[in-house]
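Spelled out from the first residue to the last, the chains are:
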Amino acid sequence: MALTLVIGNKNYSSWSMRPWMALKAAGIAFDEIVIPLYTGDADKQRILDVTRSGKVPALIDGDVTVWDSLAIIEYAAERFPDARLWPQNVAARAHARSISAEMHSGFMALRNECGMNIHRPIRSKSLSDDAKANIARIQQIWTECRAQHGGQGPYLFGSFSGADAMFAPVVHRFRTYAIDVAPPVRAYMETMLANAAFQEWTSAALAEALVIEKFEVD
Ligand SMILES: N[C@@H](CCC(=O)N[C@@H](CS)C(=O)NCC(=O)O)C(=O)O
């Protein structure tokens, strides 16, 4: 039975983008159901019918439902080991999981001040010191990964991994908020921007008509 990934609007739902990217880039087949976010009780109930967390993404695999972006990537990595969603080397894998968890649990200022909004015209905005510190830390993470593990390919750990998927929405944030980045970071962003799965998500996001006013404030 095919996997089904339940996601939110592609323009705004950064948590949905992460496991979608992981599955798509790894060549794992799945169907998708898009439920518009913040449109009222009926759509919220559709999410609650899938997962009592009331949030997307959620993955349905027969009798198994997995909710939460990082849990889905971990599940997919176990279920499809040949997809190599995590690096093969144990130290690199621990590093990839650490930065993925750091992304999952942190960077609140950047997430709050620079929400993913793919159709947003590119322009800079004034950011708090906390958001600037988040940006500096992400640049450090990407630069270290590329220097330490990136020798075998253009992604954070050479080949595409779950870590790239976890940071994919940040590439859109850095792009749309015109964040000034160091050359190795720019090179990594170019790799992600050229990734076929990233481009497929982005094209679909740009084709969406739904505008959520509260995410269009800046
Ligand atoms: N920690 C969760 C966060 C999920 C989340 O916050 N999803 C948002 C969309 S990006 C959502 O479903 N919002 C709908 C709502 O709260 O009603 C994950 O990693 O999947």
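Keep in mind that this is a model prediction, so the values were computed, not measured. (Residues numbered from 1 in each chain as written. Predicted model: local features only at pLDDT ≥ 70, side-chain atom pairs only at ≥ 80, totals over all residues. Heavy atoms only, no water.)

Considering the environment of Ala-194
Within the secondary structure layout, Ala-194 lies in helix H8 (residues 183-194). In this structure Ala-194 comes out as exposed when scored by relative accessible area, which is 52%. C-alpha of Ala-194 to C-alpha of Phe-167: the two residues are 27 residues apart in sequence and 15 Å apart in space. (Helix = DSSP H or I, 4+ residues; strand = E, 2+ residues; numbered from the N terminus. Buried < 20%, exposed > 50% of the residue type's maximum accessible area, 1.4 Å probe, protein only.)

Observations concerning helix H6 (residues 129-149)
Look at H6: 30 Å from first C-alpha to last across 21 residues, which is about the 30 Å you get at 1.5 Å a residue. Within the sequence span of H6, burial applies to Ala-131, Asn-134, Ile-135, Ile-138, Gln-139, Ile-141, Trp-142 and Cys-145. Viewed along the axis of H6, the buried residues span an arc of 155°, placing them on a single side of the element. Turned more than 90 degrees away from the buried face of H6, the exposed residues are Asp-129, Asp-130, Ala-147 and Gln-148. For H6, the secondary structure elements touched by its buried residues are helix H4 (90-105), helix H5 (108-113), helix H7 (162-176) and H8. (Expected span 1.5 Å × (residues − 1). Arc of directions from axis to C-beta. Contact = heavy atoms within 4.5 Å.)

Comments concerning the pattern of salt bridges
Scanning all chains against the criterion turns up 7 salt bridges. The residue Lys-10 makes a salt bridge to Glu-32 at a minimum N-O spacing of 2.7 Å. One end of the pair, Lys-10, is in the loop between strand S1 (3-7) and helix H1 (14-25); the other, Glu-32, is in strand S2 (residues 30-34), with 22 residues separating them in the sequence. For Arg-79, the salt bridge goes to Asp-61, with nearest N and O atoms at 2.6 Å. Here Asp-61 lies in strand S3 (residues 58-61) and Arg-79 lies in helix H3 (residues 69-79), a separation of 18 residues in the sequence. For Asp-61, a relative accessible area of 10% corresponds to the buried category. (Salt bridge = Lys/Arg side-chain N within 4 Å of Asp/Glu carboxyl O.)

These results come straight from atomic positions and should not be treated as a statement about function.
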